Amino acid sequence: MVKDALMQFENALSLNPKPIEAQAALYNKACCHAYRGEGRKAAECLRTALRDYNLKFGTILNDPDLASFRALPEFKELQEEARLGGEDIGYGFRRDLKLISEVQAPFRGVRRFFYVALTAAAGISMFFTVPRLLRAIKGGDDAPDIWETAGNAAINIGGIIVLVALFIWDNRKEEEQIAQISRDETLSRLPVRLSTNRIVELVQLRDTARPVILAGNKETVSRAIEKAERFRTELLKRGVLLIPVIWGDYRRTSVEKKGFGLPSKAAASVPSIGEDFEKRTQSIVAKTRLKSEVRFKAEIVSPNEWQRWIRDQQKSEGVTPGDDVYIILRLDGRVRRSGKGMPDWQQIVKELPPLEDLLSKLER
């Protein structure tokens, strides 16, 4: 069946299709390759769709048909290329990430403007100072004071060096922030199974729960969960949802296939005010139902994806991949803080405000 589908998509691409048709054929071809575990071929199809046919990277992140592909190294490579942007993959995903980065750091553009303006001013000043310094060195009756001129030149050179260093530092911080936003976006698409056996993505738990990821060996994680039980009531008031991840304790699991069509809308958030009232009502009802289903602990689905994300997060924090760690998320889905070992539950109870408090509402 998959082999026949691949042939049909190949034929469709050979018939000089319209751009939207070519995008669909390449995307569905990638889904077929992902189904067969052919990560490299899937990545090439998606790369072409991103570069030539304006495929949105968010579609790749959201589609359950590509869940198995997102657990492969080829996805990590593709995501990194998309984060950096370029002719080979397109700039759409990076543009979206930069917009989010600008919202989180609204004064970065203003700082850069002043860095450039002040550097230009110092450069213009040096343009006039260098000839004066040469005349001062040569000496003569009308030569300027050498120490004063040298001092002015030193101030300008020092200013240029400092401003350029600040500009480079700001750029590096932006790249780190974009990388973190990219990881947060990947995290939001990771699936968990709730106590009612319902599978949801973390993005659906936003505003409802504060997931606490416990990654480590089975004994360490089990002990941490036992300690958390002592504070169960207070942690539930704060929306804490435990998500244990046991290193290497999962057999290869097959991902439910849902056909090669449009991405699932399961992870959609509450519709905007501009949408019709009926859709908003349905979404609010769905969120209310979800709140009632969220309990104290959830089980991860697609463990390979989870472990790869945690290892990437560990590398970004300078922690050896595979060490025991905990990661606390905010109500809006971003990482609140993380640490080595297992968390101090009493400290977490003191740190996190109850869900109904004003501080929790501001965190959403």
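Residues numbered from 1 in each chain as written. Predicted model: local features only at pLDDT ≥ 70, side-chain atom pairs only at ≥ 80, totals over all residues. Heavy atoms only, no water.

(A) Here's a closer look at the overall build of the chain. Along the chain, the regular secondary structure elements total 15 helices and 7 strands. The buried share of the chain, reckoned over its 364 residues, is 41%. Here the chain displays about 20300 Å² of accessible surface, and carbon together with sulfur accounts for 56% of that area. (Helix = DSSP H or I, 4+ residues; strand = E, 2+ residues; numbered from the N terminus. Buried < 20%, exposed > 50% of the residue type's maximum accessible area, 1.4 Å probe, protein only. Areas by Shrake-Rupley, 256 points an atom, 1.4 Å probe, with all protein chains shown as cover.)

(B) View of unusual backbone geometry. Phi is positive for asparagine 16, which is not a glycine, with a value near 55°. Examined against the element boundaries, asparagine 16 turns out to sit in the loop between helix H1 (2–14) and helix H2 (19–35). Judged by its relative accessible area of 71%, asparagine 16 is exposed. Despite not being glycine, asparagine 197 shows a phi value in the positive range, around 75°. Positionally, asparagine 197 belongs in the loop between strand S1 (191–193) and strand S2 (199–201).

(C) Broad picture of the pairing of strand S4 (residues 240–246). Counting buried positions along S4 gives 7 out of 7 residues, so the element sits mostly inside the fold. Here S4 shows two buried faces, one formed by Val240, Leu242, Pro244 and Ile246 and the other by Leu241, Ile243 and Val245. As defined by bridge partners, strand S3 (residues 210–216) adjoins S4 across 7 bridges and the pair is classed as parallel. Bridging across to S4, proline 211 finds its partner in leucine 241. (Pairing = 2+ DSSP bridges.)

(D) Highlighting the UniProt feature "transmembrane region" (unreviewed entry) in the chain. Per the UniProt entry, the sites bearing "transmembrane region" (unreviewed entry) are residues 113–130 and 150–169 in this numbering. Annotated as residues 113–130, this span is 100% helix and 0% strand, and its ends, taken at the C-alpha atoms, are 26 Å apart. Secondary structure within residues 150–169 divides into 100% helix and 0% strand; the distance between the first and last C-alpha atoms comes to 28 Å. (UniProt positions renumbered as here; feature names shortened; annotations may be inferred.)

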